[in-house]
Amino acid sequence: FREDFRRTSMDEVGNIELPSRAIDEYNQGFFRNLDADIIRKANFKVVLNYGFGIASLVLPHILGKLDCEAISINAYLDAQQAVDAELKIQEGLGNLRNIVTTLNADLGVRIDMDCEKIIVVDDRGEIVSDNLLLALFTHLVLKHSDHGIVVVPVTAPSVVEEIAHRHNGKVI
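Let me begin by describing the structure that accompanies this report. Please read all numbers here as calculations on a predicted model, not as lab measurements. (Residues numbered from 1 in each chain as written. Predicted model: local features only at pLDDT ≥ 70, side-chain atom pairs only at ≥ 80, totals over all residues. Heavy atoms only, no water.)

What to know about the overall build of the protein
What the protein contains, in helices and strands, is seven helices and six strands. Secondary structure elements in the protein, listed N-terminal to C-terminal, are α-α-β-α-β-α-α-β-β-α-β-α-β. Its C-alpha atoms give the protein principal-axis dimensions of about 60 × 40 × 35 Å. Of all 172 residues assigned to the protein, the portion counted as buried reaches 28%. At a minimum sequence separation of 6, the contacts of the protein that also span at least 24 residues come to 52%. Taken as two groups, the 17 positive and 26 negative side-chain charges of the protein have centres that lie 3 Å from each other. (Helix = DSSP H or I, 4+ residues; strand = E, 2+ residues; numbered from the N terminus. Buried < 20%, exposed > 50% of the residue type's maximum accessible area, 1.4 Å probe, protein only. Contact = heavy atoms within 4.5 Å. Lys, Arg positive; Asp, Glu negative; His and termini not counted. Charge placed at Lys NZ, Arg CZ, Asp CG, Glu CD.)

Remarks on the packing of aromatic side chains
Here the structure, examined in full by the defined rule, presents three aromatic pairs. Here Y26 and F30 contribute two aromatic rings whose centre-to-centre distance is 6.3 Å and whose plane-to-plane angle is 25 degrees, an arrangement assigned as stacked. Taken together, the residues span about one helical turn, with Y26 and F30 both in helix 1 (residues 22-32) at a distance of four residues. For F30, a relative accessible area of 31% translates into the label partly exposed. For the pair F30 and F31, a centre-to-centre distance of 5.6 Å together with 80 degrees between the ring planes defines the contact as edge-to-face. You can call F31 buried: its relative accessible area is 19%. Pairwise contacts between aromatic rings join Y26, F30 and F31 into one cluster. A cation sits over an aromatic face here: K65 above F31, 5.8 Å from the ring centre. (Phe/Tyr/Trp six-rings, centres within 6.5 Å; stacked < 30°, edge-to-face > 60°. Lys NZ or Arg CZ within 6 Å of the ring centre and 35° of its normal.)

Note that all results are geometric; they support no functional claim without further evidence.
So this is what it looks like as structure tokens:
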């Protein structure tokens, strides 16, 4: 590949604009699509390992508004520690499982530093498989939408299509 990119003249250089109040707008949108009272009534106790990532800037506020008792681990931004934590994922999951069972929490969640992947631990300290989690999210999404569409990886189990069929949904 050749890298013959046309250079931009100074008068064509644009500006970078960051949206103001992006987190506030995200939170408002989140709560518009959620029945918060049901969650508040459940009095959930959750353990979250933020993995030194960006979720630590948004999720505590959301959980607070939902009246969830949240136990936070690694809840500050640190890129180097985030990389180290990813390399020691099994050790971190072992700690999360122990904390969930010791504190009798309802749920534990390990969020990666970029908020692209979660690992869920149930109230018994067992890791919920990726396929089961995908099936559960598919059910939740399609249960509350008419003829909904879910996009899943090609490696998704066939049960996802069965769930979609049951809810008149579609899998892509």
